[in-house]
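Close look at the chain arrangement
Read off the chains here:
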Amino acid sequence: MALLKHGISIGIERYDDDFFVAFKAIGTLTHHDCEMMVPVLESALAGVKDPDIFALVDVTELDGLELQAAWDDLKLGVKHIRHFEKIAIVGKTTLQEVLAKLANWFTPAEVRFFVDNGDAVAWLKD
């Protein structure tokens, strides 16, 4: 029996009211994966009136996501849409790059695509 590795790892660093959040998506994300991650993020943001979020999203190992997981992601994004300042997406496919560019049309945050993690981190901290 083969084990299918999937999930979202999350790292959060806080500097005053600025949050640097790193997400790494692996495999095919499920609704359950999102249910595990969202409370971690919500707990970190609790008590901060107007947080600024700088997000690093690594999708280099993402194979896909269930429809319910996509809905969960959309709900989280809409809830915190005004808090995201910059979103750096690190990926490896042309489709990921195109989706990152499309995201700029739907969010006030600045979204950029990178193939190098170091370049993405440097841009977020700039």
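Quick note: structure is the one above.
Residues numbered from 1 in each chain as written. Predicted model: local features only at pLDDT ≥ 70, side-chain atom pairs only at ≥ 80, totals over all residues. Heavy atoms only, no water.

Quick notes on the overall build of the chain
The secondary structure content of the chain amounts to four helices and five strands. Reading the chain from its N end, one meets helices and strands in the order β-β-α-β-α-β-α-β-α. Scaling as 2.2 N^0.38, a compact globule of 126 residues should have a C-alpha radius of gyration of about 14 Å, and the chain matches this with 14 Å. Overall, the chain is about 45 × 30 × 25 Å in size when its C-alpha atoms are taken along their principal axes. Counting over 126 residues, the chain shows a buried share of 37%. Sequence separation of at least 24 residues holds for 72% of the intrachain contacts in the chain that already meet a minimum separation of 6. Of the roughly 7900 Å² of accessible surface on the chain, a fraction of 60% belongs to carbon and sulfur atoms. Between the mean site of the 12 positive side-chain charges and the mean site of the 21 negative ones, the chain shows a separation of 1 Å. (Helix = DSSP H or I, 4+ residues; strand = E, 2+ residues; numbered from the N terminus. Rg over C-alpha atoms; globule rule 2.2 N^0.38 Å. Buried < 20%, exposed > 50% of the residue type's maximum accessible area, 1.4 Å probe, protein only. Contact = heavy atoms within 4.5 Å. Areas by Shrake-Rupley, 256 points an atom, 1.4 Å probe, with all protein chains shown as cover. Lys, Arg positive; Asp, Glu negative; His and termini not counted. Charge placed at Lys NZ, Arg CZ, Asp CG, Glu CD.)

Quick look at the pattern of salt bridges
Evaluation of the coordinates by the stated rule reveals eight salt bridges. Ionic pairing is found between Arg 82 and Asp 50, a salt bridge with its closest N-O pair at 2.9 Å. Here Asp 50 lies in the loop between helix H1 (31–45) and strand E3 (52–65) and Arg 82 lies in the loop between helix H2 (67–79) and strand E4 (84–90), a separation of 32 residues in the sequence. Exposure remark for Arg 82: the relative accessible area of 55% places this residue in the exposed category. (Salt bridge = Lys/Arg side-chain N within 4 Å of Asp/Glu carboxyl O.)

Focus: the layout of surface pockets
If you add up the space inside the largest pocket, you get close to 1200 Å³. Looking at the largest pocket, it is lined by 36 residues, and the ones nearest its centre are Val 57, Asp 73, Leu 74, Ile 89 and Ala 103. Among the elements that line the lining of the largest pocket, the one with the most residues is H2, at eight residues. For the lining of the largest pocket, the class distribution of residues is 27 nonpolar, five polar and four charged. Within this model, the second largest pocket holds a volume of roughly 170 Å³. Along the walls of the second largest pocket sit Gly 11, Ile 12, Glu 13, Phe 20, Val 21, Ala 22, Phe 54, Leu 56, Val 121, Leu 124 and Lys 125, which together make up its complete lining. Broken down by secondary-structure element, the contributors of at least two residues to the lining of the second largest pocket are strand E1 (7–15), strand E2 (18–29), E3 and helix H4 (117–125). Within the lining of the second largest pocket, the residues separate by chemical class into eight nonpolar, one polar and two charged. (1 Å grid on protein atoms, 1.4 Å probe; cavity = no way out; pocket = protein on both sides within 12 Å on 5 of 7 lines; lining within 4 Å. Points joined across faces, edges and corners; volume = space filled by probe spheres on them. Nonpolar A, V, L, I, M, F, W, Y, C, P; charged D, E, K, R; others polar.)

So, unusual backbone geometry
The phi angle at Asp 16 is positive, at roughly 55°, despite the residue not being glycine. Note that Asp 16 resides in the loop between E1 and E2. For Asp 16, a relative accessible area of 70% corresponds to the exposed category.

Concerning the sheet that holds E4
Spatial ordering of the open sheet is given by E1-E2-E3-E4-E5, a layout of five strands whose pairing is mixed. Only two strands of the sheet have a single partner each, and these edge strands are E1 and strand E5 (110–114). The mean angle between the axes of side-by-side strands here comes to 15°, regardless of whether they run parallel or antiparallel. As paired strands, E2 and E3 are joined by 11 bridges and run parallel to one another. Bridge pairing links Leu 29 to Leu 65 in E3. Sitting on the sheet, helix H3 (residues 94–106) is in contact with E3, E4 and E5, with an inclination near 170° to E5. The strands touched by H4 are E2, E3, E4 and E5; relative to E4, the strand with the most contacts, the crossing angle is about 170°. (Pairing = 2+ DSSP bridges. Axes fitted to C-alpha atoms, helices over the stretch in contact; angles between N-to-C directions.)

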